[in-house]
Amino acid sequence: MSSESKGAVDSTWFRPGTGEMFDLSSVARSVYDEVGKEFDSIHARKKEFQRTSYRMSRDLFLRLMSLCFLSAFGSLFYQIQGLLGSHGMIPISQNQGGQSDSPLSSFAHHSSWVGDAVLDLLCIAGVGSSVAGVAFSPSFYSLFGSWLIYLVLCSAGVSLLSYDADKLLLESGFVACLMAPLWIRERRRDSDNVLLLLIRFVLFKFLILSAMNKVTSGYKEWFDLTAIEFSFATNIVPTPAVWYLQLLPSFMFQLAAGFQLIVELLLSFFIFSPFSSVRHASVLAILITQLATAVFSNEGFFFMLKVCLLVPVVDDSLWSELLSKSRSSSAESAEETPLIDFALPFYGTETPKAEEEEEEEE
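Caption draft 1: Spatial organisation of the overall build of the protein chain. Scanning the protein chain from N- to C-terminus turns up 17 helices and two strands. The 362 residues of the protein chain split such that 38% are buried. Pairs at least 24 residues apart make up 73% of the contacts formed inside the protein chain by residues separated by at least 6 positions.

Caption draft 2: View of unusual backbone geometry. Phi at Leu225 takes a positive value of approximately 60°, unusual for a residue other than glycine. Tracing the backbone through its elements, the reader meets Leu225 in the loop between helix H9 (193-215) and helix H10 (227-234).

Caption draft 3: Seen up close, the confidence of the model for the protein chain. Summarising the model, the protein chain shows a mean pLDDT of 76, and 67% of its residues fall at 70 or more. Note on residues 96-100: pLDDT under 50 across the span, and nine contacts to partners over four residues away in sequence or across chains. Scored below 50 in pLDDT, residues 335-352 shows 23 contacts in the model against residues more than four places distant or in partner chains.

Caption draft 4: Representation of the pattern of salt bridges within the structure. A full pass over the atoms with the stated rule returns five salt bridges. We note a salt bridge from Arg279 to Asp315, for which the minimum N-O separation is 2.7 Å. A residue pair is termed long-range when its members are at least 10 positions apart, and Arg279 in helix H13 (residues 276-296) and Asp315 in the loop between helix H14 (301-310) and helix H15 (316-332) qualify at 36 residues. Under the relative-accessibility criterion, Arg279 is labelled buried at 2%.

Caption draft 5: Fine view of helix H12 (residues 250-265). For H12, built from 16 residues, the straight-helix expectation of 22 Å at 1.5 Å per residue is met to within 8% by its first-to-last C-alpha distance of 23 Å. For H12, the full list of buried residues reads Phe253, Ala257, Gly258, Gln260, Leu261, Val263 and Glu264.

Cut-offs applied
Residues numbered from 1 in each chain as written. Predicted model: local features only at pLDDT ≥ 70, side-chain atom pairs only at ≥ 80, totals over all residues. Heavy atoms only, no water. Helix = DSSP H or I, 4+ residues; strand = E, 2+ residues; numbered from the N terminus. Buried < 20%, exposed > 50% of the residue type's maximum accessible area, 1.4 Å probe, protein only. Contact = heavy atoms within 4.5 Å. pLDDT = per-residue confidence, 0-100. Salt bridge = Lys/Arg side-chain N within 4 Å of Asp/Glu carboxyl O. Expected span 1.5 Å × (residues − 1).

Pasting the structure below:
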């Protein structure tokens with residue numbers, strides 16, 4: 001028997017009970033190929049996870065933060081004299097040496113009209129800084145200017161500017177300043193993972209503290225899920241839709257209260273999930289609760305701010321998919337939707353992966 005035939009016999013086995021021959025090397029080769037394909041897929045998924053981009057989410061978040069500051073300064077401009085002016089509810093001229101140690105108190109203490117003028121100028125400066133962030137590419141300087149001016153006004157406003165909306169705007173605005181690029185060229189860079197986790201923690205803290213306030217308030221209405229029925233009668237700034245909503249059956253309010261507690265106590269943890277599908281589902285659930293709250297409560301820029309904090313939880317894969325669908329639909333009906341060509345440059349015309357490949361080539 002030749003050496004070639006011996007090698008063939010060594011790799012050939014007989015099936016038990018049948019006597020049929022089969023080649024063991026072909027079986028081992030097929031198993032090896034399957035295992036190799038599985039490892040390749042795992043490596044591809046790991047590489048894709050590491051390359052997850054939040055560039056478009058960051059740009060949209062920073063622009064929306066500038067819009068939140070613009071709404072806050074715009075509404076405060078018409079109220080600042082009635083709140084903190086020389087003839088307001090709590091004049092800043094009377095806060096010197098009291099609850100507020102703001103520099104504005106010393107200005108108004110010597111001259112009331114100077115203090116009133118400084119309040120108006122600060123609001124106008126805040127509007128200008130916010131408009132610069134909305135109209136142009138948001139930068140560290142525009143956001144930091146808006147944040148610093150609002151911090152000065154809140155420190156002078158004592159209890160009148162210390163609500164949850166004001167505190168959340170200052171917290172998220174500070175993180176937005178850290179995320180904002182210093183120069184226009186740095187706009188192409190992706191966000192730091194630490195800053196993304198930090199802005200998500202701001203949203204998580206707000207949701208979990210809101211739920212804990214409900215649970216630990218001592219009101220049994222949150223345990224029997226009837227609290228939302230009473231919110232229609234106790235809402236400070238109701239909307240016209242409240243009259244129609246209070247006509248709904250009670251079980252719908254109980255379902256809404258239960259869903260809100262589940263979202264704030266449980267689904268708020270999912271915004272830290274490494275899986276984009278889980279994060280996007282939690283964002284959708286949180287958005288539904290905030291939209292329902294905005295229907296029967298006029299929260300002003302507070303609602304816009306809470307929606308803005310959901311943007312960094314979403315990665316660029318969702319925005320790229322939405323933009324690709326809008327491009328395809330605009331290509332099919334270009335004459336019917338001429339504004340889509342104006343909206344696309346706002347977010348950019350290249351996908352994040354295309355931009356990364358371009359940077360690697362450079």
